[in-house]
Amino acid sequence: MTSPLRKPFIAGNWKMHLTLSESVALAKEVRVGCADGGPEVALCVPFTAITVVAEAVKGSPAAVGGQDLHWEAQGAYTGEVSAKQLADAGCRVVIIGHSERRRYFGETDETVNKKLKSALGADLIPIVCVGETLDEREQQKTYRVLETQIKGAFMNFAPAELSRAILAYEPVWAIGTGKTATPDQAQDAHTFIRKCLARGISEKLAAGMRILYGGSVKADNIDSLMAEPDLDGALVGGESLKAANFVRIIQFRTQARMERKA
Ligand code: PEP
């Protein structure tokens, strides 16, 4: 169970799915499942759906997010969208450095760092994604990869500037594969990430930063994941497209690990 310092956060990543009418229908169903007093919720939708989804969830605890942004405020960058444009369209959140962006679109730790600066400058809540591939895990490089990605993303920021930032630990081998990290594997990575933040930035930031787990999160594994003390929420891909399953994920039932074992 997460620390009271950190309010749980559940984000859906719709990726490149759904038409506008399908988006509105799903957002309305999620809205019904979001209770006041529950976790913070964000729907990270395709750029085209931001305004209609923002309208559909207006006045509810659910926020809308983008899935990427460009680091410049404006300019001749065909096909790109800036932080200010996301905020203007109704976003409060943005995903940065998702492994699919890293793998297919050349995202690097350096571009993640620049995008983070831009997102924070526009008052967006950034969800910075980090995670190792299967190869890296099998070669015992998980910690090294996580440390490099975190250092790269958070380089040249004062701790106070990062207080709004969220990290998502997303092992690449678990994304879209149905192969979820076990609660122990996830907790181990989250503990390491928190230690990294404490060592490299500040103890206070490490204690307060929300770290989400992402990678084949489902209605039937969210409760055991959220029972881990350093898991503060989830970034959910495939299951965020199924209203009932996503609502069940939002309504996770935690039972602290110690209680489970007693
Ligand atoms: C993701 O896209 O960030 C993700 C975790 O996907 P899935 O839940 O489908 O594994």
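Every value quoted in this text rests on a predicted model; they were computed, and no experiment measured them. (Residues numbered from 1 in each chain as written. Predicted model: local features only at pLDDT ≥ 70, side-chain atom pairs only at ≥ 80, totals over all residues. Heavy atoms only, no water.)

**Concerning the overall build of the protein chain**
1) Next: A count of helical and extended segments in the protein chain gives 12 helices and eight strands.
2) Next: Overall, the C-alpha framework of the protein chain stretches about 50 × 40 × 35 Å when taken along its three principal axes.
3) Next: Out of the 262 residues in the protein chain, the part that is buried amounts to 53%.
4) Next: The contacts of the protein chain with a sequence gap of at least 6 include a subset with a gap of at least 24, amounting to 74%.
5) Next: Measuring between centres, the 32 positive side-chain charges of the protein chain sit 2 Å from its 31 negative side-chain charges. (Helix = DSSP H or I, 4+ residues; strand = E, 2+ residues; numbered from the N terminus. Buried < 20%, exposed > 50% of the residue type's maximum accessible area, 1.4 Å probe, protein only. Contact = heavy atoms within 4.5 Å. Lys, Arg positive; Asp, Glu negative; His and termini not counted. Charge placed at Lys NZ, Arg CZ, Asp CG, Glu CD.)

**Considerations on the site of the ligand**
1) Next: Around the ligand, 14 residues are found, and the nearest of them are Lys15, Glu170, Gly176, Ser216 and Gly237.
2) Next: Asn13 has a polar side-chain atom sitting 3.3 Å from an oxygen atom of the ligand.
3) Next: Protein chains bury 95% of the 290 Å² of accessible surface belonging to the ligand in isolation.
4) Next: Its residues placed into classes, the shell around the ligand shows four nonpolar, eight polar and two charged. (Near = heavy atom within 4 Å. Polar contact = N/O pair within 3.5 Å; in protein donor to acceptor, adjacent residues only side chain to side chain. Areas by Shrake-Rupley, 256 points an atom, 1.4 Å probe, with all protein chains shown as cover. Nonpolar A, V, L, I, M, F, W, Y, C, P; charged D, E, K, R; others polar.)

**Points about the sheet that holds strand β7 (residues 210-214)**
1) Next: Pairing in this closed barrel of eight strands is parallel, and the strands run β1-β2-β3-β4-β5-β6-β7-β8 around the ring. Looking at each pair of strands side by side, their axes are set apart by 25 degrees on average, direction ignored.
2) Next: Bridge analysis of strand β2 (residues 40-44) against strand β3 (residues 62-66) gives four bridges, and the strand direction is parallel. Residue pairing for β3: Leu43 is matched across the bridge by Val64. (Pairing = 2+ DSSP bridges. Axes fitted to C-alpha atoms, helices over the stretch in contact; angles between N-to-C directions.)

**Describing the packing of aromatic side chains**
Centre-to-centre distance and the angle between the planes together describe a pair of aromatic rings.
1) Next: Tallying each qualifying case throughout the model produces three aromatic pairs.
2) Next: With centroids separated by 6.4 Å and ring planes inclined at 80 degrees, the aromatic side chains of Tyr104 and Phe105 adopt a geometry described as edge-to-face. Here Tyr104 matches Phe105 in class, with each residue exposed.
3) Next: Look at Tyr169 and Tyr213: their rings are 6.3 Å apart centre to centre, the planes differ by 55 degrees, and that puts the pair in the tilted class. Of this pair, Tyr169 sits in strand β6 (residues 166-169) while Tyr213 sits in strand β7, and the two are 44 residues apart along the sequence.
4) Next: Look at Tyr213 and you get buried, because its relative accessible area is 1%. (Phe/Tyr/Trp six-rings, centres within 6.5 Å; stacked < 30°, edge-to-face > 60°.)

**So, the pairing of β2**
1) Next: A large share of β2 lies buried, amounting to four of its five residues.
2) Next: Of the pairings in the sheet, the one linking strand β1 (residues 9-13) to β2 comprises five bridges and is parallel in character. Bridge pairing in β2 links Gly12 to Leu43.
3) Next: In terms of handedness, the path from β1 via helix α1 (residues 20-33) over to β2 forms a crossover that is right-handed.
4) Next: In this view, the connection linking β2 to its parallel neighbour β3 by way of helix α2 (residues 50-57) has right-handed handedness. (Right-handed = clockwise from strand over helix to strand, strands pointing away.)

**Notes on the nonpolar core**
1) Next: Core analysis: the biggest nonpolar cluster contains 66 residues, and Leu43, Phe154, Leu167, Ile193 and Tyr213 have the highest contact counts within it.
2) Next: Ranked by the residues each element gives to this core, the list is headed by helix α8 (residues 183-200), at six residues.
3) Next: The contacts of Leu167, once residues within four sequence positions are left out, are Val128, Val130, Ile150, Phe154, Ile193, Leu197, Met209, Arg210, Ile211 and Leu212.
4) Next: Counting residues in each nonpolar core, the second largest holds 14 residues, with Ala11, Cys129, Leu212 and Leu235 among its members. (Core = buried A, V, L, I, M, F, W, Y, C linked by side-chain atoms within 4.5 Å.)

**Examining the pairing of β1**
1) Next: Counting buried positions along β1 gives five out of five residues, so the element sits mostly inside the fold.
2) Next: Here β1 shows no split at all, with Phe9, Ala11 and Asn13 on one side and Ile10 and Gly12 on the other all buried.
3) Next: Bridge count for β1 against strand β8 (residues 233-236) is four bridges, and the pairing is parallel. Its bridge partner lying in β8, Phe9 is registered against Gly233.

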